Amino acid sequence: KYRALVELASDAIFVADAETGIITDVNRKGLELTGRAAEDIVGLHLVSLHPDDESDFYRKIIGKHYKSAPVNKILLVMHASGRRIPVEISSTILDYGGRKILQGIFRDITQRMRIDEELQKAERLKSASLLAGGVAHDFNNLLTAILGNISLALHEARDDAAMLKRLQDTEA
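Since we're looking at a predicted model, the values are computed, not measured.

Basis of the calculations
Residues numbered from 1 in each chain as written. Predicted model: local features only at pLDDT ≥ 70, side-chain atom pairs only at ≥ 80, totals over all residues. Heavy atoms only, no water. Helix = DSSP H or I, 4+ residues; strand = E, 2+ residues; numbered from the N terminus. Rg over C-alpha atoms; globule rule 2.2 N^0.38 Å. Buried < 20%, exposed > 50% of the residue type's maximum accessible area, 1.4 Å probe, protein only. Contact = heavy atoms within 4.5 Å. Areas by Shrake-Rupley, 256 points an atom, 1.4 Å probe, with all protein chains shown as cover. Lys, Arg positive; Asp, Glu negative; His and termini not counted. Charge placed at Lys NZ, Arg CZ, Asp CG, Glu CD. Arc of directions from axis to C-beta.

> Give me the overall build of the protein chain: which residues, what numbers.
Summing up its helical and strand segments, the protein chain has six helices and five strands in all. Its helices and strands taken in sequence order, the protein chain reads α-β-β-α-α-α-β-β-β-α-α from the N to the C terminus. What you see for the protein chain is a C-alpha radius of gyration of 33 Å, clearly larger than the 16 Å of a compact globule of 172 residues, by over 25%. Each principal axis of the C-alpha distribution contributes one length, and for the protein chain these read about 110 × 30 × 25 Å. Buried positions account for 27% of the 172 residues belonging to the protein chain. Within the protein chain, counting contacts between residues at least 6 apart in sequence, those at least 24 apart form 35% of the total. Accessible surface, the protein chain: about 11,500 Å² in total, of which carbon and sulfur atoms supply 57%. Charged side chains of the protein chain number 23 positive and 25 negative; the gap between the two group centres comes to 6 Å.

Listed below in structure tokens is the structure:
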């Protein structure tokens, strides 16, 4: 009845047995996200979606149905190519035909992270340009003071030709 909604969803959806963590279904976006075929995913444990070198970490959060993921840690899904894809995961436990299932919705946040990174670069450039502008302004203030003092010294040194020449060269 709702299969078309799941298949047309813009996020990856993985359905797994809530007790065992074994994947029982995956939508089209889930296949795209992992770069695998459905027959290669169905029957695997949810931990197999994540990097092997962090399996203990993912096993713990999967055991809590993805509800205890630390907010300061980016969750990753492994693509068949070996690429690590950053994701947001939201999950729900549903009662389906007398058994508990976990529905995990995985949103690829690669693009968002790129945009955030570009925004941070732009902010750093803006800060650097403000700093450079401030330094230039301060330097200009110093030069103005120096040139003002040279003008006063030129007025005072009218009778000393050598001093007058040096001050005129400095002013130029």
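> Account for helix H4 (residues 55-63), naming residues and giving values.
Taken together, the buried positions of H4 are Tyr 58, Ile 61 and Ile 62. What you see down the axis of H4 is that its buried residues fit within an arc of 100°, all on one side. Of the residues in H4, the exposed ones pointing more than 90 degrees away from the buried face are Asp 56, Lys 60 and Gly 63. With its phi angle positive at about 60°, His 65 sits one or two positions after the end of H4.

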